[in-house]
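Summary of structural features
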Amino acid sequence: MVELDPAHGGQIVRADWQGLPALAPGQAGRAAADQHGGCFPLVPFSNRIRDAAFRFLGREIHLPPPEYMEPHALHGTGWRTSWSAEASGPGNARMWFEHPRGPWPWRYRAEQTVSLEAGQLHISLSILNLDSEPMPAGIGLHPYFVRPQGLWLNAHTGGRWATLTGETGLPHARDAAPEDLGAPGHDHCFFGWDRRAEFGGADGLAVSITASPALGNLVIYTPPDEAYFCLEPVSHVNNAVNMDALAQAEQMAVLAPGEQLQGAMTISVRPA
């Protein structure tokens, strides 16, 4: 069973399999920013932009930061936007919205498709540049999962972007991936990800995630003392628009007018 709430950020608020939650349950009618459940889209960028500002093709861009994340911008505009929706077949739905010029000074169209079959939840996300000028663009998906007792988490990456004390989520330097990816306290972007991850525990479900080539980075968020954690396939590293000397797979895309960026994630579940 899958429940959507397009009006509040294009969210998936529930995804259950045989009565067990494949996603940590959210609540319809609540903004994505106000709950720790379900899955919401990251568009037109993932995670933080330092000081809600960047320079692009000679222009200084200033974005409004979320109230609780000041001074940084967070997770784009899609999760704070009302999406339109329609069913596209049994177990399938489509959500979309068009963004006019504003604080994010380019026009774009975002679209999600959601489908459920045989223990698999498939989500695709795209962004299309509707503007007359090139624009920077990134996408990602932000699912919340129930943290089981004895969580184990496996993912193969090239390493992670470490952060400085007091600068959570803002990359500072590359370092090796820690041995225990499921340990409390992670809020890092991992690069060189092979686009597969799996986790489980002593109860609940065993879950695996696969992502398409466009989503080659993985944000792992394991807040201490919380009943949830997040594995977020994303197209670029945090604050990429302000960083130099990134590998191509870590950079934000630059979309020409009429160009599209598309990625997808599949969540597969089975009994633990």
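Here, every reference points to the structure presented above.
The sections below set out a description of the structure shown in this document. Everything numeric here is computed off the predicted structure, so don't read it as measured data.

1. Some remarks on the overall build of the protein chain
Looking only at helices and strands, the protein chain has zero helices and 24 strands in total. Since a compact globule built from 272 residues should have a radius of gyration of about 19 Å, the 18 Å found for the protein chain is in line with a globular shape. Judged by the C-alpha coordinates and their principal axes, the protein chain covers about 55 × 45 × 30 Å. Per-residue burial over the protein chain gives 53% buried out of 272 residues. Restricting the contact set of the protein chain to residue pairs at least 6 apart, pairs at least 24 apart contribute 63%. Of the roughly 11600 Å² of accessible surface on the protein chain, 49% is carried by carbon and sulfur atoms. Taken as two groups, the 17 positive and 28 negative side-chain charges of the protein chain have centres that lie 4 Å from each other.

2. A few points about the side chain of Arg48
Position of Arg48 among the secondary structure elements: in strand S5 (residues 48-49). Judged by its relative accessible area of 8%, Arg48 is buried. Every residue in contact with Arg48, bar those within four places of it in the chain, is listed here: Met69, Ala73, Leu74, Thr168, Gly169, Leu170, Asp187, Asn238 and Asn239.

3. What to know about unusual backbone geometry
For the bond from Val43 to Pro44, the omega torsion is 5°, close enough to zero to count as cis. Tracing the sequence through the fold places Pro44 in the loop between strand S4 (39-42) and S5. Of note in the backbone geometry, Leu57 takes a positive phi value of approximately 50° without being a glycine. Mapped onto the elements of the fold, Leu57 is located in the loop between strand S6 (53-56) and strand S7 (59-62). With a phi close to 60°, Asn239 is a non-glycine residue in the positive phi region.

4. Here's the deal with the environment of Leu181
With respect to the helices and strands, the residue Leu181 is situated in the loop between strand S17 (173-175) and strand S18 (187-191). Look at Leu181 and you get buried, because its relative accessible area is 4%. Residues Leu181 and Ile220, spaced 39 residues apart in sequence, show a C-alpha to C-alpha distance of 7.8 Å. Setting aside its immediate chain neighbours within four residues, Leu181 contacts Leu153, Ala155, His186, Phe190, Ile220 and Thr222.

5. Focus on the pattern of salt bridges
Here the structure, examined in full by the defined rule, presents twelve salt bridges. Of the charged contacts, one joins Glu133 and Arg59 as a salt bridge, the two residues approaching to 3.1 Å between their closest N and O atoms. Of this pair, Glu133 sits in the loop between strand S12 (120-129) and strand S13 (135-137) while Arg59 sits in strand S7, and the two are 74 residues apart along the sequence. Residue classification places Glu133 among the partly exposed residues on the basis of a relative accessible area of 33%. Using a relative accessible area of 32% as the deciding quantity, one classes Arg59 as partly exposed. Across the pair Asp131 and Arg101 runs a salt bridge whose closest N-O atoms are separated by 2.7 Å. Taken together, the residues Asp131 in the loop between S12 and S13 and Arg101 in the loop between strand S10 (92-99) and strand S11 (108-117) connect sequence positions 30 residues apart. A relative accessible area of 4% means that Asp131 is categorised as buried. Looking at Arg101, the relative accessible area reads 48%, which means it is partly exposed. Taken together, the shared-partner salt bridges in this structure form one network comprising Glu86, Arg94, Glu98, Arg109 and Glu111.

About the cut-offs
- Residues numbered from 1 in each chain as written.
- Predicted model: local features only at pLDDT ≥ 70, side-chain atom pairs only at ≥ 80, totals over all residues.
- Heavy atoms only, no water.
- Helix = DSSP H or I, 4+ residues; strand = E, 2+ residues; numbered from the N terminus.
- Rg over C-alpha atoms; globule rule 2.2 N^0.38 Å.
- Buried < 20%, exposed > 50% of the residue type's maximum accessible area, 1.4 Å probe, protein only.
- Contact = heavy atoms within 4.5 Å.
- Areas by Shrake-Rupley, 256 points an atom, 1.4 Å probe, with all protein chains shown as cover.
- Lys, Arg positive; Asp, Glu negative; His and termini not counted.
- Charge placed at Lys NZ, Arg CZ, Asp CG, Glu CD.
- Salt bridge = Lys/Arg side-chain N within 4 Å of Asp/Glu carboxyl O.

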